[in-house]
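Residue-level listing of the chains:
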Amino acid sequence: MKHRMTQNDLLRRLPQEHLSLLRELGNLADEGGVSLYLVGGVVRDLLLKRENWDLDLTVEGNGIAFAQLVADRYGTGLARFERFATSRLVFQDGLKMDIATTRRESYAQPAVLPTVQPASIEEDLSRRDFTINAIAIQLNSGQFGCVLDPFRGQRDLRARTIRVLHAGSFQDDPTRIFRAIRFEQRFGFRLERTTVRLLAQAASTNLIQQLSGPRLQNEILLLFAEHDPVRAIGRLGQLKLFRFLHRLLCYTKNVKRVVTAVPKALAWWVRRFPDSVIQRPAVYLMALSSESSAVVVAAMIRRLALSREQAKNVSAGGRRVDRVLNRLTNKGTTRPSQVHRLLTELSDEALVLLLAKQVSAQHGVRLSLLKRHLVTYVKNREIRTVLTGQDLQAMGLQPGPQYKIILGQLLDARIDGMVTTEADERAFVRKRLRL
Ligand code: ATP
């Protein structure tokens, strides 16, 4: 049975150009003889009056053929994913749109990707994760703006509740455990009673273990990329979910304090260095593993199938950061070049972690000192020597390991302001080499 209700005003909450485009696509769907719907997060966010520019469409009929029609009409880029009968379009103004085919899903085993078959819009909505994400708005011209809400998602939105559609939902797809926590924390909603019970039940089994590395990674990184993931991380801890990253991951009180300090550290960093691009999820992952051994961190990186670059970032966050922090806040470290040498190997994410650790230590004097060091370091880190290895050779020095030492000393001298011109640099090198 179709549960329809007209809400003309809902789509008007979209920017005018999106609204016009959706009207045109509705007409195109009429021409192609298919039913077209706006679905998923954008519908939920329209109802919540939250901005969302991810236009997810689904077609009752051949979604790939319809996407091709749209691509031809608008001259967009088109990528097809035949396995799930979905396509991604990129319009010339950068707008991205996913067009799927309404489908039914069946799970051969828990935690694996489902097999899919074309189905009605109602069946498509019934395979979704939560009632608030199982609402559709029809776009065909005669029904433009009609809302389909068979699971009473609008009621749950009003009640600020996350609810699964059926008891086997987390078993079918344990990524929904993380999604539930993500939406709960993002919107400040509550998990409905039965949903909490089902989630806790699924979390207490080994279902998550069966998720592939990339799927687990995707969920963890999405969760950590939320605007304020601290409470979500607390929820993961409460549900003992960190054991799926590694069974020996130490989620101690101290780790919690560091994680809690990350938003403050990030806010300071972004204010001071607005041009630096920080991978926020990596900072949280580092904070989370900050008291775990290198072996545990390495195993966690493997479990999450992190890319080489992500892995490098996250593995730099361990005890090394503590050593650097100790030396930095030690009274003997005063010269800018000393600070530079200590910090130069660390990524910006590790620097934010350093700051978070100091914030969590609640030692005002040391925190101010560290902030001053970070400002000096970032200001100085673009400094380069004018002389290169070739210049040293031209000055009569035989190539060898000394080059690195001398150029390093020269850089120190530049950073400390002892040499400022090329002539100063040459004089510095001559003096070193007693030329
Ligand atoms: P976000 O705002 O974080 O992007 P979203 O709801 O748009 O949230 P997507 O991951 O883009 O999330 O998914 C789009 C829609 O697809 C969801 O709203 C939901 O209806 C459905 N969906 C996504 N993942 C799942 C899943 N694991 N199980 C069932 N349905 C899902």
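Here, the structure is the one placed above.
Source: prediction; values computed, not measured.

This model, assessed by the stated rule, comprises 24 salt bridges. Among the ionic pairs, aspartate 98 bridges to arginine 88, the shortest N-O distance being 2.8 Å. With aspartate 98 in strand β6 (residues 96–101) and arginine 88 in strand β5 (residues 86–90), the pair connects residues that are 10 residues apart, well separated along the chain. Residue classification places aspartate 98 among the partly exposed positions, given a relative accessible area of 25%. A relative accessible area of 31% places arginine 88 in the partly exposed class. Aspartate 124 serves as the salt-bridge partner of arginine 128, at 2.7 Å between the closest nitrogen and oxygen. Neither arginine 128 nor aspartate 124 differs from the other in exposure class; each is buried. Linked through salt bridges whose partners overlap, the residues forming this network are Arg103, Glu105, Asp124, Arg127 and Arg128.

As a matter of local geometry, the ligand sits amid 15 residues, with Arg44, Asn133, Asp173, Arg176 and Arg186 nearest to it. With respect to the ligand, the side chain of arginine 182 contributes an N or O atom lying 2.9 Å from an oxygen atom. Using a 2 Å cut-off from the grid points, one finds that the ligand occupies the largest pocket. Put simply, the parts of the chain that give the shell around the ligand at least two residues each are α3 (41–47) and α8 (175–187).

Right, let's talk about the environment of histidine 340 for a bit. The topology assignment puts histidine 340 in helix α17 (residues 336–343). For the pair histidine 340 and arginine 88, spaced 252 residues apart in sequence, the C-alpha to C-alpha distance is 45 Å.

With phi around 60 degrees, lysine 49 is a residue other than glycine that occupies positive phi space. Position of lysine 49 among the secondary structure elements: in the loop between α3 and β3 (55–60). Despite not being glycine, alanine 305 shows a phi value in the positive range, around 50 degrees. By the secondary structure assignment, alanine 305 is in the loop between α14 (294–303) and α15 (308–315). Residue classification places alanine 305 among the partly exposed residues on the basis of a relative accessible area of 37%.

A separate point is the layout of surface pockets. In this structure, the largest pocket occupies an estimated 1,400 Å³ of space. Every residue lining the largest pocket is counted, 38 residues in all, and those nearest its centre are Asp56, Arg103, Arg127, Arg128 and Arg179. Elements supplying a minimum of two residues to the lining of the largest pocket: α3, β3, β5, β6, β7 (103–106), α8 and α10 (213–224). Of all the elements, α8 adds the most residues to the lining of the largest pocket, at 6 residues. Classifying every residue of the lining of the largest pocket gives 12 nonpolar, 9 polar and 17 charged. The space that makes up the second largest pocket amounts to roughly 270 Å³.

As a further point, take the packing of aromatic side chains. The way to describe two aromatic rings as a pair is by their centre distance and the angle between their planes. Under the counting rule described, the total for this entry stands at 8 aromatic pairs. Aromatic side chains phenylalanine 242 and tyrosine 251 sit 4.9 Å apart centroid to centroid with 50 degrees between the ring planes, which places their arrangement in the tilted category. The exposure class of tyrosine 251 is partly exposed, given its relative accessible area of 24%. On the basis of an interplanar angle of 85 degrees and a centroid distance of 5.8 Å, the ring pair of tryptophan 268 and phenylalanine 273 is categorised as edge-to-face. Phenylalanine 273 matches tryptophan 268 in its accessibility class, with the two residues each being buried. Ring pairs connect the aromatic residues Phe130, Phe183, Phe187 and Phe189, which therefore count as one cluster.

What counts, and at which threshold
Residues numbered from 1 in each chain as written. Predicted model: local features only at pLDDT ≥ 70, side-chain atom pairs only at ≥ 80, totals over all residues. Heavy atoms only, no water. Salt bridge = Lys/Arg side-chain N within 4 Å of Asp/Glu carboxyl O. Helix = DSSP H or I, 4+ residues; strand = E, 2+ residues; numbered from the N terminus. Buried < 20%, exposed > 50% of the residue type's maximum accessible area, 1.4 Å probe, protein only. Near = heavy atom within 4 Å. Polar contact = N/O pair within 3.5 Å; in protein donor to acceptor, adjacent residues only side chain to side chain. 1 Å grid on protein atoms, 1.4 Å probe; cavity = no way out; pocket = protein on both sides within 12 Å on 5 of 7 lines; lining within 4 Å. Sits in = over half its atoms within 2 Å of the grid points. Points joined across faces, edges and corners; volume = space filled by probe spheres on them. Nonpolar A, V, L, I, M, F, W, Y, C, P; charged D, E, K, R; others polar. Phe/Tyr/Trp six-rings, centres within 6.5 Å; stacked < 30°, edge-to-face > 60°.

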